[in-house]
Amino acid sequence: MSRTPEQDEADYFAARAKAAAALHNPPARTVEAPKTLFDVTEMELNFGPQHPSTHGVLRIILKVDGEKIVDAIPDVGYLHRGTEKLFETETYPMAIPHTDRMDYVAAATSNHAYCLTVEKLLGVEIPRRAQLIRVILDELQRISSHLVWLGTSGIDLGAVTPFWYCFREREQILDFFEEYCGARLTLNCMRIGGLPFDLTPRWAEAVRAFIDDFPKKIDDYETLLTDNRIWKKRTVGVGVISAEECVEWGLTGPVIRGSGVEWDLRRAQPYECYDELDFTVPTGKNGDTYDRYLVRIEEMRQSAKIIRQCLDRLEPGEIKGKVPRVIKPIAEEVYASVESPKGEIGFYLVSNGTNKPYRLHVRPPSFINLQALPRLARGHLVSDLVALIGTVDIVLGEVDR
Amino acid sequence: MSPATLQTILTAVKILLIVMVVPAIVGFVIVYAERRIMGFMQGRLGPNRVGPQGLLQGLADLVKLVTKEDLTPTRAEKVSHFLGPVLSVIPALTALALIPVGESIRIGGVETSLYVADVNVGLLFLLGITSIGVYGIILGGWASNNKFSLLGGLRSAAQLVSYEVPMGLSIVAVLLMSRSLSLVEIVRVQDRLHLWFIFPGLLSFFLYFVSGVAETNRNPFDLPEAESELVSGFNTEYSGIKFAFYFLGEYTAMIVVSSVAVTLFFGGWLAPFPHLLPGLRIVPGIVWFLIKVGFFIFCYIWFRSTFPRYRFDQLMNLGWKWLIPLSLVNIMVVAGCVLADTRHGRGLRGLGWVYTGFFILLFALSRLRRRLAAAEAR
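None of the values given here were measured: they were computed from a predicted structure.

Peer 1: Can you break down the overall build of chain A residue by residue, with the values?
Peer 2: For chain A, the count of helices and strands is 16 helices and six strands. Each principal axis of the C-alpha distribution contributes one length, and for chain A these read about 75 × 65 × 35 Å. Considering chain A as a whole, with its 401 residues, one finds that 48% of them fall into the buried category.

Here you go:
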């Protein structure tokens, strides 16, 4: 039996009127009175999106029993800008600046992962000098990102002073970036097939001086925190996650290494020239916040070591491979990833043979690591939640894209 | 003018001084010092724009706080919301009335003391009045009708009540040594014995100061206002002059805790080392007192820029499982030493030497450990 358009319309308006009525006269909520005053044990607490410790606009719906967390549900999307859709509307080189704005604390690694993906599709050879400079930029970015993490997670736990020290050093790194590519945060510092600019010798010397001095600065941070009893009390045994669980959740980066898995893409699937560099992948044992802290601290030292090696190997040469003027790759699907400070950042690219990607999907480490937050937080106290958000090390620009 | 009238006028003046001068000191000196010292410790400048070297920053802050709109959330409990800040300031200022800042001085032929009141149960009164200050925070947290504030208020309730106990118990040891509850008398006893109670009372002082820091909600015990967790906790919903009152209350409480520490353990207005350095006696007692209090305020600031924050359950553990048993043991030890020689306090002196030796040993050990760790790292 077919329905006439009039019937449809009538049904539609009836439904609308019903909905409007429901909206204006909501049914009286039946609140069950607690039997006694002390029956009420749970409180729902909106943690964020405007909260100093959520490191952006993360909202967590907390169910707390007193201060104990019964459940923590992250609610993401407040910074969603449709980046993945945007990629589809722009040519391949035009997408690079958008990758800056995902993990804005570590733009270079996002640039790198994207460029690597397109290069894999095109099959471009990258000159050695460009490879080395890319690694230098990546590692400087790793240091600066870890410095932001260290400073902010210190503040989360009430230690305000390390923050200023960390940002003092980060400022120097940002100055290096500014001198290299003109930008401090949204770097846009890599191109498909190579790099936009060459290094100046002065820049390399300045970076070397900074790197030589940097381990001493790390010692300074460690004096304030590593052996501090209160710091240990707040971090040891908080947010323990086992290696198996890390794998099940798909966690990467310092989080999985803190649980004792030596999983670092720089080692596991070496890209650029990482296979010839000498560095160790630090791992923890217990998979708690303290171990993740130690892992990140050690990573900063290793990054400094890597940068020094790269600076030693720098030789004059090309900085851009042979890339066609208009990038129109063959129709193919390709995935490439790099180790960002937060974990594995990867791009899954579907090309349809035009000059724009058909689909570009991002594997954002922050987003995937954030999934484990409810698992980590359950049973802990509200104070631990801020430590846990800090230790997962999320950037909302990357979570929401 | 009869001496009695003059006496009354002087008392009024002293009260006015406390009510007027202390807030000024808080606003101008302590806050300024805190921000500059923390700036220095953190490799930055701190306020340096308003007036020479930023000295007038306090004035600017005051103007801002007074002229700011005083908001009360619509669903707040109006009366309690107003009472909160008031209850946190008044007890703190009242407590100051008991603190002797120096020996008596003569003005216009009338001898006047440098305290408003010498209450013979001074210490008890002090403990009582400062614990009223707790209500200010609890009320403020509850009345704001904000879940974060409520958590802050709850935390402070538990914290302050738990830390009152070790604080009171640590003071008991001082009472045993001085045999008086009057703060003036306690200083005089220290003068008579030529022994500051910090030496036999090192442990008491430690317990007292830790509890004192917890009582004033300062780092590392600033849980009720934990900025990164509770977004300022109990004072989230306060603005303008009410916020200023909370601020004033907190800083005045800091002054009270420091002053009491100085009075009980560091000889109040007495000059240090009267035998070795008699020349120091020329400096008036009030200056000594201020220097000593200033040192403790500096410690507060120092703590703030050094320590992370405790977690709530850890704070409770520390209080109930460590500080209270320790203070009970401490009372026993001190009582034994007092009984050993009631006339000249030789037992206390001996305890002082033991503590001093122990302290030096501990210090040396920690230096050694650090040196070894550094050598190992190299």
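That shown, we press on.
Peer 1: Kindly report on the overall build of chain B, identifying the contributing residues and their values.
Peer 2: Helix and strand counts for chain B come out as 12 helices and two strands. Reading chain B from its N end, one meets helices and strands in the order α-α-α-β-β-α-α-α-α-α-α-α-α-α. A compact globule built from 378 residues would reach a C-alpha radius of gyration of about 21 Å, and chain B, at 22 Å, matches this within 12%. Across its three principal axes, chain B shows a C-alpha extent of roughly 75 × 65 × 40 Å. Evaluated residue by residue, chain B yields a buried proportion of 43% over its 378 residues. For chain B, long-range pairs separated by at least 24 residues make up 77% of all intrachain contacts whose partners lie at least 6 apart in sequence.

Peer 1: How would you summarise the sheet that holds strand S3 (residues 68-75) of chain A if you had to cite specific residues and measurements?
Peer 2: Residue and element names in this part refer to chain A. Spatially, three strands are ordered S1-S2-S3 in an open sheet, and the strand pairing comes out antiparallel. Two strands in the sheet have a free side with no partner beyond their single neighbour: strand S1 (42-47) and S3. If you compare each strand with its neighbour and ignore which way they point, the axes differ by 20 degrees on average. Bridge count between strand S2 (residues 59-65) and S3: seven bridges; the pairing is antiparallel.

Peer 1: Any details on the interface of chain B and chain A? Residues and values, ideally.
Peer 2: Contact residues are listed per partner, giving 24 residues for chain B and 26 residues for chain A. When residues of the side of chain B that touches chain A are traced back to their parent elements, those giving at least two are helix H5 (147-178), helix H8 (227-230), helix H10 (285-306) and helix H11 (312-340) of chain B.

Peer 1: Break down the nonpolar core for me, with residues and values.
Peer 2: Judged by nonpolar contacts, the single largest core of 191 residues is most densely connected at Leu373(A), Leu385(A) and Ala261(B). Here the element with the most residues in this core is helix H9 (residues 240-265) of chain B; it accounts for 16 residues. Among all residues touching Leu373(A), those that are not within four sequence positions of it are Ala72(A), Pro74(A), Leu388(A), Ile389(A) and Val392(A).

Peer 1: If you had to explain the domain arrangement of chain B to someone new, which residues and values would you point to?
Peer 2: Residues and elements named next belong to chain B. Per the domain assignment, the segments making up chain B are domain 1 (3-340) and domain 2 (349-378). Facing five residues of domain 1, the contacting portion of domain 2 comprises seven residues. When grouped by side-chain class, the residues that make up the side of domain 1 that touches domain 2 number five nonpolar, no polar and no charged.

Peer 1: Give me the lowdown on the sheet that holds strand S4 (residues 333-340) of chain A, citing residues and values where you can.
Peer 2: Residue and element names in this part refer to chain A. Strand order across the open sheet formed by three strands is S4-S5-S6, with antiparallel pairing between neighbours. With one partner strand each, in any of the chains shown, S4 and strand S6 (357-363) form the two edges of the open sheet. Taken over all neighbouring pairs, the strand axes of this sheet differ in orientation by 15 degrees on average, direction set aside. Pairing of strand S5 (residues 343-351) with S6 involves six bridges; the strand directions are antiparallel. Counterpart to Gly-346 in the pairing with S6 is Arg-363. In the packing of helix H4 (residues 107-122) onto the sheet, the strands contacted are S4 and S5, and the crossing angle to S4 comes to about 150 degrees.

Peer 1: So what's going on with unusual backbone geometry? Which residues, and what values?
Peer 2: If you check the backbone angles, Asn188(A) has positive phi at about 55 degrees while not being a glycine. For Asn188(A), a count of 18 C-beta atoms within 10 Å translates into the label partly exposed.

Peer 1: Explain the packing of helix H1 (residues 3-41) of chain B against H10(B) residue by residue, including any values.
Peer 2: Residue and element names in this part refer to chain B. Look at H1 against H10: their axes get within 10 Å of each other, and the N-to-C directions meet at 45 degrees. With respect to each other, H1 and H10 are oriented oblique. H1 and H10 meet at a crossing whose hand is right-handed. Here Ile-30, Glu-34, Ile-37, Met-38 and Met-41 of H1 lie close against H10, whose contacting residues are Ile-297, Phe-298, Ile-301, Arg-304 and Ser-305. Of the residues in the contact of H1 with H10, the class split is seven nonpolar, one polar and two charged.

What counts as what
- Residues numbered from 1 in each chain as written.
- Chains lettered and ligands numbered in written order.
- Predicted model: local features only at pLDDT ≥ 70, side-chain atom pairs only at ≥ 80, totals over all residues.
- Helix = DSSP H or I, 4+ residues; strand = E, 2+ residues; numbered from the N terminus.
- Buried ≥ 20, exposed ≤ 12 C-beta atoms within 10 Å, placed from the backbone.
- Rg over C-alpha atoms; globule rule 2.2 N^0.38 Å.
- Contact = placed C-beta atoms within 7 Å.
- Pairing = 2+ DSSP bridges.
- Axes fitted to C-alpha atoms, helices over the stretch in contact; angles between N-to-C directions.
- Core = buried A, V, L, I, M, F, W, Y, C linked by C-beta atoms within 7 Å.
- Domains from an automatic or database assignment.
- Nonpolar A, V, L, I, M, F, W, Y, C, P; charged D, E, K, R; others polar.
- Parallel < 35°, antiparallel > 145°, perpendicular 65-115°, else oblique.
- Left-handed = near helix turned anticlockwise from the far one by under 90°.

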